[in-house]
Amino acid sequence: MSASRSAVSVFDPDLADRPAVARRLDFAEYGAEVPVHVHRKGQLILALHGAVTCTADDEIWIVPPDCGVWIPGGMPHSVRTTANARLSYLFVEPGAANLPDVCCTLSISPLVRELVNRLTSEVSDYPLDSHAARLARVTLDELAGMPREHFNLPVSNDPKIRAIADALTIEPSDRSTLGEWAKRVAMSERSLARLMIRETGLTFGRWRQQLHLVVALRELASGAAVQTVADSLGYESVSAFITMFKKALGSTPAQYFTQRRVKLSQSRLMTSAKDMGPEFTTDN
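None of the values given here were measured: they were computed from a predicted structure.

Asker: Account for the overall build of the chain, with residues named and values stated.
Answerer: Looking only at helices and strands, the chain features nine helices and eleven strands. Per-residue burial over the chain gives 49% buried out of 284 residues. Taking contacts inside the chain between residues at least 6 apart in sequence as the whole, the part at least 24 apart equals 77%. Taken as a whole, the chain presents about 13,800 Å² of accessible surface, with 53% of it coming from carbon and sulfur.

Asker: Please provide a residue-by-residue account of the environment of Ile62, values included.
Answerer: Relative to the helices and strands, Ile62 resides in strand β5 (residues 59-62). Taking C-alpha positions, Ile62 is 9.8 Å from Leu211, a pair spaced 149 residues apart along the chain. Beyond its immediate stretch of four places on either side in the chain, Ile62 contacts Val52, Thr53, Phe151, Val214, Val215 and Arg218.

Asker: Describe the side chain of Ser156, listing the residues and the values that go with them.
Answerer: As for its position among the elements, Ser156 is in the loop between β11 (152-154) and α3 (159-170). On the accessibility criterion, Ser156 (2% relative accessible area) is buried. Not counting residues up to four positions away in its chain, the partners in contact with Ser156 are Asp58, Ile161, Arg162 and Glu199.

Asker: An account of the packing of aromatic side chains is needed here, citing residue identities and associated values.
Answerer: Counted by the stated rule, this structure contains six aromatic pairs. Arranged with centres 5.9 Å apart and planes meeting at 10°, the rings of Tyr89 and Phe91 form a pair that is stacked. The exposure class assigned to Tyr89 is buried, which follows from its relative accessible area of 6%. Ring centres 5.6 Å apart and planes at 70° place the aromatic pair Tyr235 and Phe241 in the edge-to-face group. By the ring-pair criterion, three or more aromatic residues cluster together here, those being Tyr235, Phe241, Phe245, Tyr256 and Phe257. Lying over the aromatic face of Tyr235, Arg175 brings its terminal NZ or CZ to 4.5 Å of the ring centre.

Asker: Please provide a residue-by-residue account of the sheet that holds β11, values included.
Answerer: Strand pairs in the sheet, formed through backbone hydrogen bonds, run parallel or antiparallel to each other. Overall, antiparallel pairing links the five strands, which are arranged β2-β7-β4-β5-β11 in an open sheet. Edge positions in the sheet fall to β2 (33-37) and β11, since each has one partner strand and no second. For this sheet, the mean angle separating the axes of adjacent strands, direction not counted, is 15°. Bridge count between β5 and β11: three bridges; the pairing is antiparallel. Pairing of Ile60 across the sheet is with Leu153, part of β11.

Conventions we followed
Residues numbered from 1 in each chain as written. Predicted model: local features only at pLDDT ≥ 70, side-chain atom pairs only at ≥ 80, totals over all residues. Heavy atoms only, no water. Helix = DSSP H or I, 4+ residues; strand = E, 2+ residues; numbered from the N terminus. Buried < 20%, exposed > 50% of the residue type's maximum accessible area, 1.4 Å probe, protein only. Contact = heavy atoms within 4.5 Å. Areas by Shrake-Rupley, 256 points an atom, 1.4 Å probe, with all protein chains shown as cover. Phe/Tyr/Trp six-rings, centres within 6.5 Å; stacked < 30°, edge-to-face > 60°. Lys NZ or Arg CZ within 6 Å of the ring centre and 35° of its normal. Pairing = 2+ DSSP bridges. Axes fitted to C-alpha atoms, helices over the stretch in contact; angles between N-to-C directions.

It is worth stressing that arrangement in space is one thing and function is another; only the former is reported here.
Spelled out as structure tokens, the structure:
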């Protein structure tokens, strides 16, 4: 199969009317970039292997291994992956679950990940009274309880801002100054500074720091060492990277991921308690 074939051509989820259908794609068999498209259904993107970034709602969303990007139905989006990426997609019928009406990153528990992966083996027109239908219902109920994360970077449709974002997403260690970027996109430094604030709400320095945070969170969640991440982002030392991380997020990388695990665990407990009834959600 040609590696230039678009993954969009493989499956049209909008032809299915079931509450949830899932598919798995190995991008070694398809083009690494999926052009802008839109679905009637909402879409959850999970990365099983490799790196993936989505562009939707004028933001770039990076998908860490223990998270998924949720894109509501009717939202134009595009996807870029590494050549070795394997993704699972969950397509959700509008109104079938209590999921956000905006793009966001969701923490994904091991249970939800396994449920989605199991659902990828089911046909898209499964009977409504089948095991697959019950599996889809449990998947959606569990997914609705997953907490949000912040793995996004504001961009815009402006071609110059998008070009800078694309370049830094590919090579985040690039430490070119605002003036150097201005020359690359054929603008004055002052004009680019104004454009950046108008289009993203951030100065160039704050915007690039947010990019570094997003990339760092993805890599750290993948199990990369802090030293490796600091080097890949062009920091002169690990301590400089940790200082930036703590200033932006209020904790060191180790503390941040410990807090995330606690939050996800608490979210699972709350969801389980609600499923058992109101008497289990009190403090008594």
